[in-house]
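What follows is the residue order along each chain.
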Amino acid sequence: MSKNVSRLYFFRSLDGMCPDILLKRDEPLILGRGPVTRVKDSKVSRHQVRITWTDDGIFIKQLAENSSFLNTRPLKKNEKAELSENAVIHLVSNRFPFKLILKTDYIAAPPQNEAENNKNKDVPKKEVVEVKNSNTSLVKKVEGGGGGQWSFGLLQSMNNPQLKVLEKSDHVVIKDKFPKAEHHYLVLPLERIQNIASLKPEHVPLVKRMVTTGWELADKHPTHRFRLGFHAIPSMSQVHLHVISQDFNSDRLKTKKHWNSFTTEYFINPEIILDKLISKGKYVPISKVEGDELLKRDLECHICQHKPKNIVDLKKHLLTH
């Protein structure tokens, strides 16, 4: 298989607070408080650090008075240091981590004889959900025939006018019926896709559009911080992207499992899934045993690492932020 390969460097928010940020060669990148990083903390300067990529390498320069941290080492104002792949920058102490990621983007072309053979094969049939504008029962629409069984929970919600926020050509947004924060949305494709393990390389543009819609929703609530993510082992069958504000101020947030499903590695940054679809052709989820271990972790504040004794204590603590 032939590949056209190009090197791309990105900074990825390890908190999942913003989309990946592209580092362009010979174009300085400023990281700080603002719409690019979605950081709103006044302790972070609008011009916190400057990143440059030249023939000599990738370098960071500290611009602000408040130190940023390179792999746990504080940077002094005007200090310059070289960055290596997977280096982690905290814009301020223990806050807002960004990791330098090397992506290999490629276009894979099958051999000519394989392409010819594929022409003679039946085209896979896609099931798509017909979203209606009335609160009627769900209609299953199948392109080219076919069938299948699935759980109707989220699919029915896609047709509920009390939940539906907006509809686009290939995906819809609904309010989560059991929101775990003040603002909690779900972005769902119209195509019937059971879960993240069912995603294929052909779904990359769709997932990117879903992510774009998610950040557009977040922008409508400028006083709140948001994260986007997929659950590692979702309870509902139709693949869905969570768009959730980080206040977690909700009566529906009742258990350790609820909390850990949004604040541990159980909550997967969509950029990670896109990386795997592009580079490996699929995303392989963690096992149920691994998922259960993440959900059983001790409670820990997602902002300051405080360890409350129970969920009631945690919710009281969250009000202090």
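Caption draft 1: Quick look at the pairing of strand 16 (residues 226–231). A large share of strand 16 lies buried, amounting to six of its six residues. Residues of strand 16 alternate between two faces, with F226, L228 and F230 on one and R227, G229 and H231 on the opposite face, all of them buried. Where strand 16 meets strand 17 (residues 241–245), four bridges bridge the pair, whose relative direction is antiparallel. Looking across to strand 17, one finds that L228 is bridged to V243. Pairing geometry for strand 16 and strand 18 (residues 267–268), over two bridges, is antiparallel. Bridge assignment links H231 to a residue of strand 18, and that residue is F267.

Caption draft 2: The environment of D247, seen in detail. Within the fold, D247 resides in the loop between strand 17 and helix 4 (256–263). Under the relative-accessibility criterion, D247 is labelled partly exposed at 21%. Reaching out from D247, the side chain makes a polar contact with the side chain of S245 at a distance of 2.6 Å.

Caption draft 3: Region of interest: the side chain of R12. With respect to the helices and strands, R12 occurs in strand 1 (residues 2–13). Within the local environment of R12, its side chain forms a polar contact with the side chain of D275, the two groups lying 2.6 Å apart. If we ignore the near neighbours within four places in the chain, the residues touching R12 are D20, P97, F98, K99, I101, K103, N269, E271, I272 and D275.

Caption draft 4: Structural view of the pattern of salt bridges. Summed over all chains, the structure comprises 13 salt bridges. Of the charged contacts in the structure, one is a salt bridge between R12 and D275, with a shortest N-O distance of 2.6 Å. Taken together, the residues span a long stretch of sequence, with R12 in strand 1 and D275 in helix 5 (residues 270–279) at a distance of 263 residues. Among the ionic pairs, K164 bridges to E167, the shortest N-O distance being 3.3 Å. Judged by relative accessible area, which is 38%, E167 ranks as partly exposed. Here the salt bridges do not stand alone but share partners, grouping R12, D20 and D275 into one network.

Caption draft 5: Representation of the packing of aromatic side chains. Scanning the model with the defined rule gives four aromatic pairs in all. With a centroid separation of 4.9 Å and 65° between ring planes, the pair formed by F248 and W259 is classed as edge-to-face. One end of the pair, F248, is in the loop between strand 17 and helix 4; the other, W259, is in helix 4, and 11 residues separate them in sequence. By relative accessible area, F248 is classed as buried at 2%. You can call W259 buried: its relative accessible area is 0%.

Here is what the cut-offs are and how they apply
- Residues numbered from 1 in each chain as written.
- Predicted model: local features only at pLDDT ≥ 70, side-chain atom pairs only at ≥ 80, totals over all residues.
- Heavy atoms only, no water.
- Buried < 20%, exposed > 50% of the residue type's maximum accessible area, 1.4 Å probe, protein only.
- Helix = DSSP H or I, 4+ residues; strand = E, 2+ residues; numbered from the N terminus.
- Pairing = 2+ DSSP bridges.
- Polar contact = N/O pair within 3.5 Å; in protein donor to acceptor, adjacent residues only side chain to side chain.
- Contact = heavy atoms within 4.5 Å.
- Salt bridge = Lys/Arg side-chain N within 4 Å of Asp/Glu carboxyl O.
- Phe/Tyr/Trp six-rings, centres within 6.5 Å; stacked < 30°, edge-to-face > 60°.

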